[in-house]
Structures are given as structure tokens and as C-alpha cells.
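Residues per chain are reported as follows:
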Amino acid sequence: MVFQCPRQGQPWRRRPQKDQLANAASGMAVHDDCKLRFLDLKAKRTYRFIVFKIEEKQKQVIVEKLGEPTDSYEDFSASLPADECRYAVYDFDYVTEENCQKSRIIFIAWSPDTSKVRNKMIYASSKDRFKRELDGIQVELQATDPTEMGLDVIRSRST
């Protein structure tokens, strides 16, 4: 409905109701394969990393790429596209000051500055629900360029 504003003579629009503002992205489902692959990474250490993608037509999060246990961090960072958002999980191994071998599961929300605004909004609004599905994430990073998720950043957040 459009009304005339009495003072300025410009059209006056009615505000949409809450149910009309419902975010389309909040209904993104998580494919069962995502959970199964994550459990393999967490329990069996079958993968070094997993890259997840939102398939807009199917309205669900799917597995895009799986990293072999022998893959390096450079392989992982190269698998993230330069102009599209993604979710990723990385199994980070490190040695503590006491010389103990440890591992942390890092969740990375990759949202480069060059990606489309709609893409960023869909990923941002679906992130919390997706993270809840992956039980066992220990560290979370939000990155817009590769320097924000470098090995030094991950190491400082993990210890």
C-alpha cells in the first residue's frame, strides 16, 4: 500500500511485517554428507580439510572439496575461491611448548571482499545454524582475505 505523506507530498510506504522480512537464507538445510564427512575428519582424521558450499538452487549446504591427510595448508588455502564465499573446516596440528602433539579443528567463514553482496549475506545468515550442525569445532575464524587466516593467525588462536 502506498500513501501520500502529508508534509512532503512523497509516497509513504507501509513497513513490511515481521513475517515478510523472514530471511530466505535462514532456511538453508545441511546435507547429511556434510555431517558425515565432518565426523570422519574429527574422529578418524580421514581428511585434512573440508570446503563447504551453499547450493542456492537446492537451498542446502553441500561438500565441495575434501583434502587428503597429506595435503598442506597451502593446498587448503588454494582451494578457497577468490571471489565467492565458502565455509571450511581445517584440522590443524601443532606442538605445544611442553613438546606435546595437539590438534584443533578450525572453522573458517571465508567471505572475500570481491564476492557479491547477496552471496555474503546468505553465508553470514546461515553460518550459526551450520556451525551448530558440526559438533566439535574448537576455533572459529572470519576471513575476508588470505592474511586473516594465515598459519600464524591460526597458531595464535589455537594455543
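Residues numbered from 1 in each chain as written. Predicted model: local features only at pLDDT ≥ 70, side-chain atom pairs only at ≥ 80, totals over all residues. Heavy atoms only, no water.

1. Here's the deal with the packing of aromatic side chains
Rules: Only rings of Phe, Tyr and Trp enter the pairing, Trp through its six-membered ring, and a pair is recorded when the two centres are within 6.5 Å. The plane angle decides the type: under 30 degrees is stacked, over 60 is edge-to-face, the rest tilted. By definition, any uninterrupted DSSP run of H or I lasting at least four residues is a helix, any uninterrupted run of E lasting at least two residues is a strand, and each is numbered from the N terminus. Each residue is placed in one exposure class: buried if its accessible area under a 1.4 Å probe, protein chains only, is under 20% of its type's maximum, exposed if it is over 50%, and partly exposed if it falls in between.
Here the structure, examined in full by the defined rule, presents 10 aromatic pairs. Ring centres 5.2 Å apart and planes at 85° place the aromatic pair Tyr 73 and Tyr 90 in the edge-to-face group. Taken together, the residues Tyr 73 in helix α2 (residues 73-78) and Tyr 90 in strand β6 (residues 86-95) connect sequence positions 17 residues apart. Accessibility classification places Tyr 73 together with Tyr 90 in one group, the buried group. Connected via pairs of aromatic rings, a cluster forms that spans Phe 52, Tyr 87, Phe 107, Tyr 123 and Phe 130.

2. With respect to helix α3 (residues 117-133)
In plain terms, the rule: Expected helix span is given by 1.5 Å per residue-to-residue step, counting one fewer step than there are residues.
Given a rise of 1.5 Å per residue, 17 residues ought to cover 24 Å, and the 25 Å separating the end C-alpha atoms of α3 matches this to within 8%. What α3 keeps buried is the set Asn 119, Ile 122, Tyr 123, Ser 126, Lys 127 and Phe 130.

3. A closer look at the nonpolar core
For soluble globular proteins, the rule of thumb is that nonpolar side chains tend to be buried together. Put simply, the rule reads: Buried Ala, Val, Leu, Ile, Met, Phe, Trp, Tyr and Cys residues form a nonpolar core when they are joined through side-chain atoms within 4.5 Å. Residue contacts are defined here by distance: any two heavy atoms, one from each residue, within 4.5 Å place the two residues in contact.
Counting residues in each nonpolar core, the largest one holds 21 residues, and the members touching the most others are Cys 34, Phe 52, Ile 54, Val 61, Tyr 87, Val 89 and Phe 130. Leaving out residues up to four positions away in the same chain, Val 61 has contacts with Ala 29, Val 30, His 31, Cys 34, Phe 52, Lys 53, Ile 54, Tyr 87 and Phe 130. Listed in part, the 17 residues of the second largest apolar core include Leu 80, Ala 88, Tyr 90 and Ile 154.

4. Some details on the pattern of salt bridges
Opposite charge on two side chains lets them pair, provided their charged atoms get close. Going by this rule: Each salt bridge in this description consists of a side-chain nitrogen of Lys or Arg and a carboxyl oxygen of Asp or Glu lying within 4 Å of one another.
With the rule as written, the count across this model stands at 12 salt bridges. One salt bridge in this structure joins Asp 91 and Arg 45, with 3.0 Å as the shortest N-O distance. Of the two residues, Asp 91 sits in strand β6 while Arg 45 sits in the loop between α1 (32-44) and β4 (49-55), which places them 46 residues apart along the sequence. Note on Asp 91: relative accessible area 3%, which makes it buried. With relative accessibility at 37%, the residue Arg 45 sits in the partly exposed group. Residue Glu 56 is joined to Arg 118 by a salt bridge in which the shortest nitrogen-to-oxygen separation is 3.0 Å. Of this pair, Glu 56 sits in the loop between β4 and β5 (60-67) while Arg 118 sits in helix α3; the two residues are 62 residues apart in sequence, bridging distant segments of the chain.

5. With respect to the sheet that holds β6
What counts here: Paired strands are those between which DSSP finds at least two bridges. Only C-alpha atoms enter the line fits that serve as axes; for helices the fit covers just the stretch in contact. Angles between N-to-C directions range over 0 to 180 degrees.
If you trace the six strands from one edge of the open sheet to the other, you get β3-β5-β4-β6-β7-β8, paired in mixed fashion. Of all strands in the sheet, those with a lone pairing partner are β3 (29-30) and β8 (139-143), marking the two edges. For β4 and β5, the ladder comprises seven bridges, and the chain directions are antiparallel. The residue bridging Val 51 from the neighbouring strand is Lys 65, located in β5. Contacts between α1 and the sheet are confined to β3, β4, β5, β6 and β7 (101-110), with β5 contributing the most and set at about 35° to the helix.

6. What to know about the pairing of β7
Using the following cut-off: By definition, the crossover connecting two strands over a helix is right-handed if that path, from the first strand to the second, turns clockwise as seen with the strands pointing away from the viewer.
Relative to β7, β6 runs antiparallel, the two being bridged by 10 bridges. Opposite Tyr 90, over in β7, you have Ile 106 as the bridge partner. Linking β6 to β7, which pair antiparallel, is a turn of five residues; within it Asn 99 sits at a positive phi near 65°. Sheet topology note: the β7/β8 ladder contains five bridges and is parallel. The partner of Ala 109 across the bridge, within β8, is Gln 142. This β-α-β element, β7 to α3 to β8, shows right-handed connectivity.

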